[in-house]
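So you can see what is in the structure, the chains are spelled out below.
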2 protein chains.
Amino acid sequence: MPTPPKIVGYAAVAGKKEGDGPMGKCFDRIEPDAYFGKETWEQAESTMQKETLELALQKSGLQAGDIGCICAGDLLNQCIGSTFGLRSFGIPMLGVYGACSTMAEGLLIASVLAESGAASYTAAVTSSHFSTAEKQFRYPLSYGGQRPPTAQWTCTASGAVLLEQQDGIKGGVCVTGACVGKIVDLGVTDANHMGAAMAPAAADTIVRYLQATGTQPSTYDAIVTGDLGVVGSTLLCDLVMKQGYDISKVHHDCGVMMFDAKTQDTHAGGSGCGCSASLLCGHFLPLLQQGELHQILFTATGALLSTTASQQGESIPGIAHLVELTRLHV
Amino acid sequence: MPTPPKIVGYAAVAGKKEGDGPMGKCFDRIEPDAYFGKETWEQAESTMQKETLELALQKSGLQAGDIGCICAGDLLNQCIGSTFGLRSFGIPMLGVYGACSTMAEGLLIASVLAESGAASYTAAVTSSHFSTAEKQFRYPLSYGGQRPPTAQWTCTASGAVLLEQQDGIKGGVCVTGACVGKIVDLGVTDANHMGAAMAPAAADTIVRYLQATGTQPSTYDAIVTGDLGVVGSTLLCDLVMKQGYDISKVHHDCGVMMFDAKTQDTHAGGSGCGCSASLLCGHFLPLLQQGELHQILFTATGALLSTTASQQGESIPGIAHLVELTRLHV
């Protein structure tokens with residue numbers, strides 16, 4: 001982008017299990033109550049998303065009225081986590097749906113909107129909640145369904161990013177590139193094996209970006225995916241290697257990072273829109289800001305299934321959107 | 001927009017009931033089989049969306065590989081109408097969710113992407129299907145639930161638009177302006193009265209656009225909404241009038257236009273993402289192309305409810321996104 005938008009605010013909120021994990025210290029707030037003080041899990045998720053945006057605004061010194069457009073979405077049917085979470089702000093909103101790739105998709109659209117001059121400030125926010133996702137996609141929690149080793153654990157977490165339009169490069173952490181994902185479907189039908197369903201999409205997007213920019217994996221301090229989990233991450237590195245790129249030294253997956261699988265019983269790792277969003281905002285953006293990282297590719301991955309599609313025997317299409325983040329010097 | 005993207009292709013496909021209505025002649029294709037030759041209604045909706053995009057590509061002489069990004073969404077949980085409809089094209093996809101406002105939202109994002117130089121061609125597509133919507137949001141069709149007079153009828157229809165990035169204004173029908181909607185919620189809780197839930201959002205967006213551009217309703221040949229229906233349209237004109245603008249002479253609502261309520265038993269009118277999308281592509285874009293219209297505001301409206309939110313007693317937030325379409329002369 002000729003005048004890349006600058007990231008001027010971010011925040012991450014997570015639930016208790018995420019707070020107890022290896023990344024626990026990176027979140028702005030850990031909420032011990034799964035209901036976030038509300039009566040239903042859906043209200044809890046909306047409240048979490050609302051609080052995350054409020055925190056990002058507070059930390060940046062901006063007001064809701066400064067934000068010209070926010071891109072938001074989540075996993076719930078009709079994206080109600082975002083609708084009811086953002087209803088009170090009065091910010092023009094573009095609803096996005098990319099399953100767990102939502103933060104990269106929202107950040108991509110918000111960046112293009114800021115760069116186009118449509119608004120001085122734009123934003124992206126997303127969330128996921130373990131209990132709303134289990135209820136909607138899997139089994140009632142009280143049923144206690146068994147999870148195979150390839151299953152992932154939907155994180156209770158949220159992340160929000162605020163972007164500023166620049167009229168010249170002034171330095172700071174900026175969105176310097178992006179790549180819109182293609183739907184890739186190699187026929188995986190096991191909803192407990194989503195890392196395998198999404199890895200080919202992540203490989204497609206990462207390889208297309210490396211080819212288009214003429215860069216190598218070593219150009220970047222980190223190539224981050226979210227959320228392939230342990231199994232999907234191995235598949236990704238293999239698939240990318242087959243196309244001539246070794247990303248194994250710089251690859252980090254938010255699903256793998258979020259939990260200690262051995263002690264937290266999370267099998268293949270974390271998932272959910274909030275997993276990569278909260279680690280972007282709680283971990284990677286601060287490291288970029290502090291200069292410990294210079295340039296990363298943030299590639300959030302989504303599995304575009306629904307219960308209806310799965311019940312009709314459909315396979316699980318994957319998608320992965322990529323955003324390049326660079327700490328620019330004045 | 002400094003170099004407004006040009007609309008270089010469009011197509012509309014509709015079902016039998018829509019084809020039997022007063023707008024029947026405007027569609028590129030009317031499909032008499034509600035299943036579109038498939039086994040489930042969800043597969044039918046995906047097939048319809050696929051066929052609509054194929055028709056738009058055919059009519060414009062473009063190939064799927066020419067399209068750098070497509071913005072797509074629908075009413076189904078996790079937007080599976082779009083995912084499975086577009087899976088085979090290999091076009092980079094941004095999933096959007098705006099309920100029945102999806103065509104305006106998709107067109108807005110696709111326009112900004114084209115204008116930003118991200119791609120030479122972008123696209124927007126959406127769909128709705130009476131039977132998938134009834135099944136998901138209301139009652140099993142075989143139940144034969146009674147519909148109150150304020151209820152609307154979800155259209156089986158789809159529309160697709162293709163946009164070209166211009167490096168100078170070359171004339172033709174272009175996207176010359178846009179306004180992102182805000183969530184507006186005045187507390188309506190009746191899911192059979194969505195026109196009332198959405199009218200305040202449409203009023204907010206239209207008034208903000210008129211104020212921001214310093215234009216009057218008479219500036220435009222048509223201010224199109226979709227889909228407020230008969231009741232919501234009256235409310236809209238009243239709400240806008242209270243803020244000093246009389247749009248009654250130029251206002252047209254796609255939900256009102258789609259059916260003959262007296263003979264087609266559709267009560268307050270049509271609805272669904274495909275309603276305004278198919279009338280945009282089947283009716284308004286051809287009139288702009290032929291020079292019978294010069295400039296219109298296309299304001300698609302969405303009700304951001306889900307069955308879960310309604311069952312928890314939540315009200316119905318509305319949103320309306322606006323796109324200004326102008327026939328420019330060289």
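Rules used in this analysis
- Residues numbered from 1 in each chain as written.
- Chains lettered and ligands numbered in written order.
- Predicted model: local features only at pLDDT ≥ 70, side-chain atom pairs only at ≥ 80, totals over all residues.
- Heavy atoms only, no water.
- Contact = heavy atoms within 4.5 Å.
- Buried area = accessible area lost by both parts, 1.4 Å probe.
- Salt bridge = Lys/Arg side-chain N within 4 Å of Asp/Glu carboxyl O.
- Polar contact = N/O pair within 3.5 Å; in protein donor to acceptor, adjacent residues only side chain to side chain.
- Helix = DSSP H or I, 4+ residues; strand = E, 2+ residues; numbered from the N terminus.
- Buried < 20%, exposed > 50% of the residue type's maximum accessible area, 1.4 Å probe, protein only.
- Axes fitted to C-alpha atoms, helices over the stretch in contact; angles between N-to-C directions.
- Parallel < 35°, antiparallel > 145°, perpendicular 65-115°, else oblique.
- Left-handed = near helix turned anticlockwise from the far one by under 90°.
- Nonpolar A, V, L, I, M, F, W, Y, C, P; charged D, E, K, R; others polar.
- Lys, Arg positive; Asp, Glu negative; His and termini not counted.
- Least-squares fit on C-alpha atoms with pLDDT ≥ 70 in both.
- Phe/Tyr/Trp six-rings, centres within 6.5 Å; stacked < 30°, edge-to-face > 60°.
- Lys NZ or Arg CZ within 6 Å of the ring centre and 35° of its normal.
- Pairing = 2+ DSSP bridges.
- Right-handed = clockwise from strand over helix to strand, strands pointing away.
- Expected span 1.5 Å × (residues − 1).
- Patch = residues over 30% accessible without salt bridge, like charges linked within 9 Å, V, L, I, M, F, W, Y side chains within 5 Å.
- Areas by Shrake-Rupley, 256 points an atom, 1.4 Å probe, with all protein chains shown as cover.

Asks: Can you walk me through the interface of chain B and chain A in this structure?
Replies: Interface size, as often reported, equals the accessible area lost upon joining of the parts. Contacts between chain B and chain A engage 47 residues on the former and 47 residues on the latter. A combined buried area of about 3,900 Å² lies between chain B and chain A, and 63% of that area is made up of carbon and sulfur atoms. The largest share of the area that chain B buries against chain A comes from Gln 78, Arg 87 and Ile 183 of chain B, three residues that together contribute 18% of it. In this structure, Asp 185 of chain A and Arg 87 of chain B form a salt bridge, with 2.6 Å as the shortest nitrogen-oxygen distance. On the surface where chain B and chain A come into contact, there are 20 residue pairs in polar contact (both at pLDDT 80 or more).

Asks: Looking at this structure, I do not really get the environment of Lys 25 of chain A. What am I missing?
Replies: Turning to its location among the elements, Lys 25 of chain A is positioned in the loop between helix H1 (16-20) and strand S2 (29-31). Lys 25 of chain A gets classed as exposed once you look at its relative accessible area, which sits at 87%.

Asks: Sorry, what's going on with the packing of helix H2 (residues 41-60) of chain A against helix H5 (residues 130-137) of chain A here?
Replies: A pair of packed helices is characterised by two quantities: the angle between their axes and the separation of those axes. All names here are of chain A. The contact between H2 and H5 brings their axes to 8 Å, and the two run at 135°. With respect to their mutual orientation, H2 and H5 come out oblique. Our pair here, H2 against H5, has a crossing hand that is left-handed. Residues Trp 41, Glu 42 and Glu 45 of H2 lie in contact with H5, whose contacting residues are Ser 131, Thr 132 and Lys 135. Looking at the contact of H2 with H5, its residues break down into one nonpolar, two polar and three charged.

Asks: Looking at this structure, I do not really get unusual backbone geometry. What am I missing?
Replies: Residue and element names in this part refer to chain A. Following Gly 226, the chain continues into Asp 227 via a peptide bond in cis, with omega recorded as 5°. Looking at the element boundaries, Asp 227 is found in the loop between strand S9 (222-226) and helix H7 (229-242). Here the phi dihedral of Ala 99 falls at roughly 50°; this positive angle occurs in a residue that is not glycine. Note that Ala 99 resides in the loop between strand S4 (93-95) and helix H4 (102-115). For Ala 99, a relative accessible area of 1% translates into the label buried. The phi torsion at His 267 lies on the positive side, around 55°, for a residue other than glycine. Along the polypeptide, His 267 turns up in the loop between helix H9 (261-264) and strand S11 (270-271).

Asks: Would you explain the side chain of Glu 324 of chain A in this entry?
Replies: Residues and elements named next belong to chain A. You can see Glu 324 is positioned in strand S13 (residues 318-328). One buried charge, Glu 324, has no salt-bridge partner; the nearest side chain with opposite charge is Arg 208, at 14 Å. Not counting the four nearest positions on each side in its chain, Glu 324 is found in contact with Cys 174, Val 175, Thr 176, Gly 177, Ala 178, Tyr 209, Tyr 220, Gln 295, Ile 296 and Leu 297.

Asks: Quick question: what am I supposed to make of the relation of the copies chain B and chain A here?
Replies: Superposing the two chain copies requires a rotation about an axis and a translation along that axis. Each copy of the sequence occupies a distinct position, and chain B is placed on chain A by a rotation of 180° and an axial shift of 0.0 Å, giving an RMSD of 0.0 Å. Here the two chains are linked by the operation of a two-fold rotation axis. When C-alpha positions in chain B are compared against the rotation axis, the closest is assigned to Val 96 of chain B, at 2.1 Å. When the interface residues of chain B are mapped onto chain A, 100% of them again fall at the interface, so both copies present the same face.

Asks: Can you help me understand the packing of aromatic side chains in this one?
Replies: The geometry of two aromatic rings is summed up by the distance between their centres and the angle between their planes. A complete count under the given rule lists six aromatic pairs over all chains for this structure. Ring centres of Tyr 35 of chain B and Trp 41 of chain B lie 5.7 Å apart, and the angle between their planes is 20°; on these two criteria the pair is classed as stacked. The exposure class assigned to Tyr 35 of chain B is partly exposed, which follows from its relative accessible area of 34%. Lys 17 of chain A extends its terminal NZ or CZ atom over the ring of Trp 153 of chain A, reaching a point 4.2 Å from the ring centre.

Asks: What is the right way to read the pairing of strand S12 (residues 295-303) of chain B from this model?
Replies: Sheet faces and side chains relate simply in a regular strand, where the side chains alternate between the two faces. All names here are of chain B. Taking burial as the measure, the nine residues of S12 include nine buried ones, the bulk of the element. Burial of the side chains of S12 extends over both faces: Gln 295, Leu 297, Thr 299, Thr 301 and Ala 303 are buried on one face and Ile 296, Phe 298, Ala 300 and Gly 302 on the other. Of the pairings in the sheet, the one linking strand S9 (residues 222-226) to S12 comprises five bridges and is parallel in character. By the bridge assignment for S12, Ile 223 is matched with Leu 297. Of the pairings in the sheet, the one linking S12 to strand S13 (residues 318-328) comprises nine bridges and is antiparallel in character. Its bridge partner lying in S13, Gln 295 is registered against Thr 326.

Asks: Any chance you could explain the pairing of S9 of chain A here in plain terms?
Replies: Residue and element names in this part refer to chain A. A large share of S9 lies buried, amounting to five of its five residues. Residues Ala 222, Val 224 and Gly 226 of S9 are buried on one face, and the alternating residues Ile 223 and Thr 225, pointing to the opposite face, are buried as well. Looking at chain direction, S9 and strand S10 (residues 251-253) are connected through three bridges and run parallel. What sits directly across from Thr 225, in S10, is Asp 253. Taking the sense of rotation as the criterion, the β-α-β connection linking S9, H7 and S10 turns out right-handed.

Asks: Sorry if this is basic, but what is going on with helix H4 (residues 102-115) of chain B here?
Replies: Working note: α-helix, 3.6 residues per turn, so residues spaced by three or four point in the same direction. Along its 14 residues, H4 of chain B runs 20 Å from first to last C-alpha, staying within 8% of the 20 Å computed at 1.5 Å per residue. Trailing H4 of chain B by a residue or two, Gly 117 of chain B shows a phi angle of about 90°, which is positive.

Asks: Would you mind showing me how to read the pattern of salt bridges here?
Replies: Side-chain pairs of opposite charge can arise whenever the charged atoms involved come near each other. Under the defined criterion, the tally for this structure stands at 22 salt bridges over all chains. Close ionic contact of Arg 87 of chain B with Glu 314 of chain A constitutes a salt bridge, the shortest N to O distance being 3.2 Å. Of the two residues, Arg 87 of chain B sits in the loop between helix H3 (80-86) and strand S4 (93-95) while Glu 314 of chain A sits in the loop between helix H11 (307-311) and S13, which places them in two different chains. Here Glu 31 of chain B and Arg 29 of chain B are joined by a salt bridge, their closest N and O atoms 2.1 Å apart. What makes Arg 29 of chain B partly exposed here is its relative accessible area of 29%. One network of salt bridges, with partners in common, ties together Arg 29, Glu 31 and Glu 51 of chain A.

Asks: Which parts of the structure should I look at to understand a nonpolar patch on the surface?
Replies: All names here are of chain A. Judged by side-chain polarity, Val 230, Val 231, Leu 235 and Val 256 come together as a nonpolar surface patch covering roughly 260 Å² of accessible area. Here the nonpolar patch takes three residues from H7, the largest share from any one element. Within the secondary structure, Val 230 sits in helix H7.

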